Amino acid sequence: MSDSAGLQFVSPYAFEAMQKVDVVRLAALSDPELRLLLPCLVRMALCAPADQSHAWAQDKKLILRLLSGVEAVNSIVALLSVDFHALEQDARKEQQLRHKAGGSNGESILVSQLQHGLTLEFEHSDPLRRLRLALSELLAIMNKVADSNGEFFLKSSELFESPVYLEEVADVLCILQAELPSLLPIVDVAEALLHVRNGDWFLCLLVANVPDSFNEVCRGLIKNGERQDEESVGGRRRTEALRQLCQMNPSQALNIRAMVVEECHLPGLGVALTLDYKPDSADEAVSPLVSYVSGLLLGTNGKVRTWFGMFIRNGQQRKRESSSVLWQMRRQLLLELVAILPRSRSTHVPNDSEANTENSSGYSGLREEHVVKASALLRLYCALMGIAGLRPTDEEAEQLLQLMTSRPPATPAGVRFVSLAFCKLLAFPTLVSTPEQEQLMVMWLSWMIKEEEYFESAAGVSASFGEMLLLVAMYFHSNQLSAIIELVCSTLGMKIAIKPSSLSKMKTIFTQEIFTEQVVTAHAVRVAVTNNLSANITGFLPIHCIYQLLRSRAFTKHKVSIKDWIYKQLCETTTPLHTQLLPLIDVYINSILTPASKTNPEATNPPITEQEILNVFQGPAGGESARTRPQYSITAQLLILYYMLSYEEALLASTKALALMQKKPKSYSAALMDQVPIKYLIRQAQGLQQELGGLHSALLRLLATNYPHLCMVEDWICEEEVTGTLPLLRRMLLTSSTCKYSQTQLQEAFQNLPTSGPRLLRILEHLTLLSASDLIPYAEVLTANMGRLLEEGVSRRILQTVNKLWMVLNTVMPRRLWVMTVNALQPSVKILRQHRYTQNDLMVDPLIVLRCDQRVFRCPPLMDITLHMLNGYLLASKAYLSAHLKETSDFERQTQTISNLGLTGQPDTPEVTREELKNALLAAQDSAAVQILLEVCLPTKEEEEQLGGGADSLLQGLQEKGAAGTWRAQGRREPEGGLLSDLREVQCLICCLLHQMFIADPNIAKLVHFQGYPQALLPLTVAGIPSIHICLDFIPELLAQPQLEKQIFAIQLLSHLCTQYALPKSLSVARLAISVMGTLLTVLTRAKRFSLFMPTLPCLVSFCQAFPPLYDDVTSLLIQVGQVCAGDVSTKARDIDPFVARLEYVKEKQREKLLSDAGLLKPILPRRSDEELEGSDPDVQLCYRIEATFMDIISASLKAM
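Residues numbered from 1 in each chain as written. Predicted model: local features only at pLDDT ≥ 70, side-chain atom pairs only at ≥ 80, totals over all residues. Heavy atoms only, no water.

Under an unreviewed UniProt entry, the name given to the protein chain is Integrator complex subunit 2, and the organism recorded is Chanos chanos. Database annotation for the protein chain, UniProt heading Subcellular location (unreviewed entry): "Nucleus". The heading Sequence similarities (unreviewed entry) in the UniProt record of the protein chain holds the text "Belongs to the Integrator subunit 2 family." (UniProt positions renumbered as here; feature names shortened; annotations may be inferred.)

**Some points on the overall build of the protein chain**
Across its full length, the protein chain carries 69 helices and zero strands. Counting only residues that meet the buried cut, the protein chain has 51% of its 1201 residues in that class. Pairs at least 24 residues apart make up 74% of the contacts formed inside the protein chain by residues separated by at least 6 positions. When the accessible area of the protein chain is evaluated, it comes to approximately 55,900 Å², of which 53% is carbon and sulfur surface. (Helix = DSSP H or I, 4+ residues; strand = E, 2+ residues; numbered from the N terminus. Buried < 20%, exposed > 50% of the residue type's maximum accessible area, 1.4 Å probe, protein only. Contact = heavy atoms within 4.5 Å. Areas by Shrake-Rupley, 256 points an atom, 1.4 Å probe, with all protein chains shown as cover.)

**Points about the packing of helix α33 (residues 581–593) against helix α35 (residues 634–653)**
Here α33 crosses α35 at 40°, and the two axes come no closer than 10 Å. The handedness of the crossing between α33 and α35 comes out as right-handed. Contact residues: L581, L582, I585, D586, Y588, I589, I592 and L593 in α33; L639, Y642, Y643, S646, Y647, A650 and L651 in α35. Within the contact of α33 with α35, the residues separate by chemical class into 13 nonpolar, one polar and one charged. (Axes fitted to C-alpha atoms, helices over the stretch in contact; angles between N-to-C directions. Left-handed = near helix turned anticlockwise from the far one by under 90°. Nonpolar A, V, L, I, M, F, W, Y, C, P; charged D, E, K, R; others polar.)

**Regarding the confidence of the model for the protein chain**
The predicted model of the protein chain averages 80 in pLDDT, with 81% of residues at 70 or higher. The low-confidence segment residues 345–363 (pLDDT under 50) makes 24 contacts with residues lying over four places distant or belonging to another chain. (pLDDT = per-residue confidence, 0-100.)

**A closer look at helix α12 (residues 186–193)**
Within α12, seven of the eight residues are buried, leaving the element largely enclosed by the surrounding structure. Taken together, the buried positions of α12 are I186, V187, V189, A190, E191, A192 and L193. Taken together, the buried residues of α12 touch α9 (127–147), α10 (158–161), α11 (166–179), α13 (199–209), α14 (214–223) and α15 (233–248).

**Remarks on the side chain of E612**
Along the chain, E612 turns up in helix α34 (residues 610–616). Within the structure, the side chain of E612 is placed 3.4 Å from the side chain of K563, a separation counted as a polar contact. Residues in contact with E612, not counting those within four places in the same chain, are K563, D564 and Y567. (Polar contact = N/O pair within 3.5 Å; in protein donor to acceptor, adjacent residues only side chain to side chain.)

**Structural notes on unusual backbone geometry**
Following T575, the chain continues into P576 via a peptide bond in cis, with omega recorded as -5°. By secondary structure assignment, the location of P576 is in the loop between α32 (563–571) and α33. The omega torsion of the bond from L753 to P754 falls at 0°, within 30 degrees of zero and hence cis. Within the fold, P754 resides in the loop between α43 (743–751) and α44 (757–767). One non-glycine residue, V21, lies in positive phi territory at about 50°. Within the secondary structure, V21 sits in the loop between α1 (12–20) and α2 (23–27). For V21, a relative accessible area of 33% corresponds to the partly exposed category. Even without glycine at this site, N532 takes up a positive phi of about 50°. With respect to the helices and strands, N532 occurs in the loop between α29 (517–526) and α30 (542–551).

**A few points about α13**
For α13, a buried count of 11 out of 11 residues is recorded, marking the element as mostly surrounded by other parts of the structure. Taken together, the buried positions of α13 are occupied by G199, D200, W201, F202, L203, C204, L205, L206, V207, A208 and N209.

**A look at the packing of aromatic side chains**
Summed over all chains, the structure comprises 12 aromatic pairs. Aromatic side chains F1010 and F1034 sit 6.0 Å apart centroid to centroid with 50° between the ring planes, which places their arrangement in the tilted category. Residue F1010 is located in helix α59 (residues 1002–1011), and its partner F1034 is located in the loop between α60 (1018–1024) and α61 (1035–1039); the two are separated by 24 residues in the primary sequence. Given the relative accessible area of 13%, F1010 is considered buried. F1034 gets classed as buried once you look at its relative accessible area, which sits at 6%. Pairing Y1013 with F1049 gives two aromatic rings, centres 5.0 Å apart and planes at 80°, and the pair type is edge-to-face. In this pair, Y1013 is assigned in the loop between α59 and α60 and F1049 in helix α62 (residues 1044–1060), connecting sequence segments 36 residues apart. Accessibility expressed as a relative area gives 7% for F1049, which makes it buried. Grouping aromatic residues by their ring pairs yields a cluster made of Y588, Y643, Y647 and Y668. (Phe/Tyr/Trp six-rings, centres within 6.5 Å; stacked < 30°, edge-to-face > 60°.)

**Considering the pattern of salt bridges**
When their charged atoms lie close together, side chains carrying opposite charge are able to pair. If you walk through the whole model with that rule in mind, you get 29 salt bridges. Across the pair D564 and K563 runs a salt bridge, and its minimum N-O distance is 3.2 Å. Salt-bridge contacts for E780 lead to R816; the nearest nitrogen and oxygen are separated by 3.9 Å. In this pair, E780 is assigned in helix α46 (residues 779–784) and R816 in helix α48 (residues 814–824), connecting sequence segments 36 residues apart. E780 gets classed as partly exposed once you look at its relative accessible area, which sits at 49%. The partly exposed category is assigned to R816, whose relative accessible area is 30%. (Salt bridge = Lys/Arg side-chain N within 4 Å of Asp/Glu carboxyl O.)

**Thoughts on a nonpolar patch on the surface**
Taken together, the side chains of F152, L154 and V233 present a nonpolar region at the surface, about 230 Å² in accessible area. Residue placement: F152 occurs in the loop between α9 and α10. (Patch = residues over 30% accessible without salt bridge, like charges linked within 9 Å, V, L, I, M, F, W, Y side chains within 5 Å.)

**Looking at the side chain of Q316**
In this structure, Q316 sits in helix α19 (residues 302–317). By relative accessible area, which is 11% here, Q316 ends up buried. A polar side-chain atom of Q316 sits 2.9 Å from the main-chain carbonyl oxygen of G389. Those residues in contact with Q316 that sit more than four places away from it in its chain are L326, R330, G389, L390 and R391.

**Digging into the environment of W565**
Along the chain, the position of W565 falls in helix α32. Overall, W565 belongs to the buried group, its relative accessible area being 6%. For the pair W565 and A524, spaced 41 residues apart in sequence, the C-alpha separation works out to 9.5 Å.

**Overview of the packing of helix α58 (residues 982–1000) against α59**
Direction vectors running N to C along α58 and α59 enclose 115°, while the axes themselves pass 4 Å from each other. Judged on the interaxial angle alone, α59 and α58 are roughly perpendicular. Of the residues in α59, those in contact with M997, F998, I999 and A1000 of α58 are P1002, I1004, A1005 and H1009. A breakdown of the residues in the contact of α58 with α59 according to their chemical character gives seven nonpolar, one polar and no charged. (Parallel < 35°, antiparallel > 145°, perpendicular 65-115°, else oblique.)

**Brief notes about the state of the cysteines**
Taken as a whole, this structure holds zero disulfides when the rule is applied. Counting only cysteine sulfurs, C1058 is the nearest neighbor of C1099, a cysteine outside any disulfide, at a range of 9.8 Å. Taking the relative accessible area as the measure of exposure, C1099 reaches 7% and is therefore buried. (Disulfide = S-S within 2.5 Å.)

**Some words on the environment of L703**
Here L703 is to be found in helix α40 (residues 695–706). Spatially, the C-alpha atom of L703 lies 9.3 Å from that of K679, the residues being 24 residues apart in sequence.

Encoded structure:
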């Protein structure tokens, strides 16, 4: 608004005095300054104040004294004497009239019959008419603004343009707004004043006389403003008015700027306010303009970024104007850039002698205090050019290149500056346009390569620009231009659209002049590893370069060994884990196993040696040695473990490809794997999951694949019990971290058993307070003396405590613990022979675990340990055989080749594959273990004699003890000790393991039951193994077997299953079994018939007891069998008629007897004893067995009723 340039505005001093009502400061104002504030001061002096304090009374006197000498006060007092209520009513009537007339300038109620111009009328009028004239004009403008729909117009008004009457009009305007606030809202008045000349001056006077309305007026103007202010006259006038308001009240300038950003309106105003802003304390680092524009373009608010970027783009389309805010901003930024450049910088490129001079005038360094500001300027220009689309002028481009190629001091900020400058060169290669500039850039890059080691050591930072140079060179060689773009964007911290084609010139410079591929690989190996590498070290590190070179196979291509560097870097790691370590290990393993090219199959990297791996696991972090200070961190050990497991997995996965190589990579020896404390390390990783990122989950995956015996569910559950809250509270009872009992004392207590039982118990109880890692030194003594616990007189509590300690140790050193335990529990004969099993022996033959001292089978705490080891070694054997099969896959191909060369004409016989043989071996192994365990469940002769009954009485105790009254009703005596015996506890442990095995692989259950086991164990297995119900699925198949023994076993098993699981499926299978028995009756010989029906007829009782609907089928079968037997007997000279008659009688009267008095049969059908039947004819025995079966069925039916 140049039309108000000659007018005097309210000064910041005067506005602050008005805002704070500082009378002393107001008195110090000059007359011209005071004249602008008279409307407010006069109203303040005349109106009744709300503040009745003495201080304000004194201040009011000072104000009256101040006004007494001003002539213009009288006219203002006259204005305040008008009846404003009547004036407001007339004004509202005029508004209604104009609204009805559609906004046309017809008759006016406020002003009628103007004989002269508006200015002359204003001059000759009394105060009331002056108010009416100004109000009429103002309302007309406000109405037009309301009807303009946002289109800007400039209204020519004689009243607001005459310089003679501006002050009087301003007085009238301020009085009107103050007295009629509802008619003239100050925000609407401010908006209307933008549409007249001198509007900004009137607006400042209005706000200065109502200082509390400053923020309200500014917010209203900003909300109603344009999104792009420099594109229209109205936008520029609005910006200028707000700028004048902020110059009047500079303390609120930043708040107004924040409103601009919040509303995304008037971007030029935000820049103008920043240019006008003069901070109290100048910040030497970054200027306010750089901070503000950088915040807009690099902030997280995408809406603000787009809004300001549009301001830059639109501003460039117009011709260069000195009054444009955009060009003012660019000029200021250029001045700041030139101010920090080394004074002697120029585009002159010195010769070699000049370049080697440290204090070369063309290459003087950037001052240390300017480095941070230079970095901020570089990022800002990157954002302006990349995000906002700024096209630099030749002058800007020249000065930017001078800044980018300057040499900062060796400080962390200097390293950051060089990295930013380098990335800006890659992002905007068009800045280098002439050959001289290109040569300047090449020399600067050469300086970077030469000085990067010095910068890294002097600056004390791990991430230097040397790694970035190396990384970019590798990307250029492998033509990964998208990776370079991603690298540039991440370093600059902004997303810039970079065309890959624009990097062609830089690619040529890098690959042909600065970094050839051989130079890259040779330089990368010499780069020192990063000490204590962790995720806290940001930026581009040597590990990024090595990773990319490994991916491109540059090391193997140029025969450069990188194994030592990788090993050193893995050892120099700490938490939190750096994200590049796991990809580095994976790509290194790939370079070991996969040749760089088919023409050169031997071009691979060597693996890490076994001795190097062993060196990492020496010390306490290994978990199984003396407690001394570790040499390597737990992070390094976990990474080496991840390398070993991944290497072994990749080796097995690529055996077919490796078979073509003459020099094959070898697997690590079993002895090495035995010395690595895998479970201990996994447990340590579990507690560091947050710091290790994805390493813990990756290790668990590898462990589940290669070492399933270390991932058993019961182990994880036990580990939760060991590491839970309760064990932690118990360990808090231990006042010292060291144990007060030594291994020697523990050994002496074991040797003196059973007399030293109490002392041994005290020591063992104290050991339970130790953590798993602190318990490791006692593992050998505990396991070596387990055989002594089998002697008579050892208390149960000692056994249970040893079991508990063993389970704790199992969480940190399972494999070594298992081997020591198996060797300690061998029979005394093997111990005397000094026969020691190894880990490999136990994986090849897991049944060695069960070849222990027989007393273990009746010692539940030690049997629990044995079963745990057996389950683990069965899983380990599966993994071992699968790995062995993959390792020797090339032999399979050779065998197939030889077999294919056989004689022609021979029939093709399907050969059994090695995979099938392995599965058969595993099935035989599992079934053998199950059969041995079932055999252990059988009581010995001594146990039978001690319990006063046979095996049946002991094994059936679980079923017969269903109700306490049953024992008394049958008149039996409960065996001494009942079910609380060692045998019963061992049986429960074995049944639990079998249950888990059957769930894990139902085929094991099928195989074991097809093999069969003693019938006496059926009550135990059916009641003790919940998953045995799956046998119902294959009992029909078992009944179809040709062997009579299997058919008998199937019927006996089914009878117990029907009693335990009375399900619809059981009913259908039972019906099938009865049908099969009826069929077999017609085809079997006399001897086989006796062998089948004698043991299976009692099973029919269970069928009827479980399923009453089977009574008719069972009765028919029994009658049929009896008739067949009676027919055979009738051929002999024996009288069998009474027996047949009794059977017919039972068939006819069975239902009647069941409902009435079945006891009448007892005297009619007396039960024969075994002594009476012994030696009699088999058919006769079978007939009496049928008779007994009928009696049992009737008896069971009566009990059920």
